[in-house]
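Descriptive structure summary
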Amino acid sequence: ACGTPIAVTTPPPVQPAPPPQTTYQQQQEPVYEHAREASSAFKEAISGKTNLVQRVINIITKPKQEWEVIATEQPNAMKLIGGYALILALIPALSAFIKYGIIGMSFMGYTTRSIASGIQTGLIQLLSAVIGVYLLAWVIDLLAPSFESQKNFGRSLQLAVYASTPQWVAGILLLLSTTMSMLIMLIGLYAIYLLAVGMPILKGTPKDKVIGYVALTIVAMIVIGLLMALILGGILGLFFVGSYGGFKF
């Protein structure tokens, strides 16, 4: 009204937002990082830079104390799979390959062996163990709230991986005879005890809920094992069909 000019500030132009990364880039980078971490964990364990052997001995001989040590560790899925599960799962896998592919199977005086059969059986053992333990951890974590337990996939994976130790170690008995499969199963039952001891420590499961939690986990373990054997057997069978060797005296 008095005629004094008023300075008007012009807001800066809005810069266009950078285009978002494609879904492919967003998904591929973490996958690559996970694979590299798992590979590094595998190499460290093979070279003896980790406590793998001591962990195996401790979880079998003094599980309660070892579960308490594990509870102080930060779960790392790639290190658990690449630096522990994959290495121990190689025991039954290599044993099956040697038994079916090199030593051979004897029946009524005949011995049959096939490298293709050995490879197929070994791969089934290896893949079912690694994939199966991951699925088992998923089931354990899914059931956790129903048993007043902590829902934490990292802890569930620790429980599934370390509790599977006895059956993986017992896989070396496949070298002796196929009849050892029953003994391997019996030794694998020790995993039930390991689960029962580890659940209250890692998952905070109340003592009165442990039996039910373990029972459902066992059912899941059996179902997963059967499904993995059927699916992998069918898939790998397509690659090895017609590749089996003949009989030898």
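Everything that follows concerns the structure shown earlier in this document.
Residues numbered from 1 in each chain as written. Predicted model: local features only at pLDDT ≥ 70, side-chain atom pairs only at ≥ 80, totals over all residues. Heavy atoms only, no water.

Enumeration over the complete set of coordinates arrives at six salt bridges. Salt-bridge contacts for Glu68 lead to Lys64; the nearest nitrogen and oxygen are separated by 2.9 Å. You can see Glu68 and its partner Lys64 sitting in helix H3 (residues 63–71), four residues apart, about one turn around the helix. We classify Glu68 as partly exposed; its relative accessible area is 38%. With relative accessibility at 48%, the residue Lys64 sits in the partly exposed group. Among the salt bridges present, the one from Asp141 reaches Lys203, with a minimum N-O distance of 3.1 Å. In this pair, Asp141 is assigned in helix H5 (residues 115–143) and Lys203 in helix H9 (residues 190–203), connecting sequence segments 62 residues apart. The pair Asp141 / Lys203 is uniform in exposure class, with both members buried. One continuous salt-bridge network, built from bridges that share partners, spans Arg55, Glu66 and Glu73. (Salt bridge = Lys/Arg side-chain N within 4 Å of Asp/Glu carboxyl O. Helix = DSSP H or I, 4+ residues; strand = E, 2+ residues; numbered from the N terminus. Buried < 20%, exposed > 50% of the residue type's maximum accessible area, 1.4 Å probe, protein only.)

Before going further, it helps to examine the environment of Arg55. Following the sequence through the fold, Arg55 ends up in helix H2 (residues 52–61). By relative accessible area, Arg55 is classed as buried at 3%. For the pair Arg55 and Tyr84, spaced 29 residues apart in the sequence, the C-alpha separation amounts to 9.5 Å. Contacts of Arg55, omitting those with residues within four sequence positions, involve Glu66, Val69, Ile70, Glu73, Tyr84 and Tyr162. A polar contact of 2.4 Å, which involves the side chain of Arg55, links it to the side chain of Glu66. (Contact = heavy atoms within 4.5 Å. Polar contact = N/O pair within 3.5 Å; in protein donor to acceptor, adjacent residues only side chain to side chain.)

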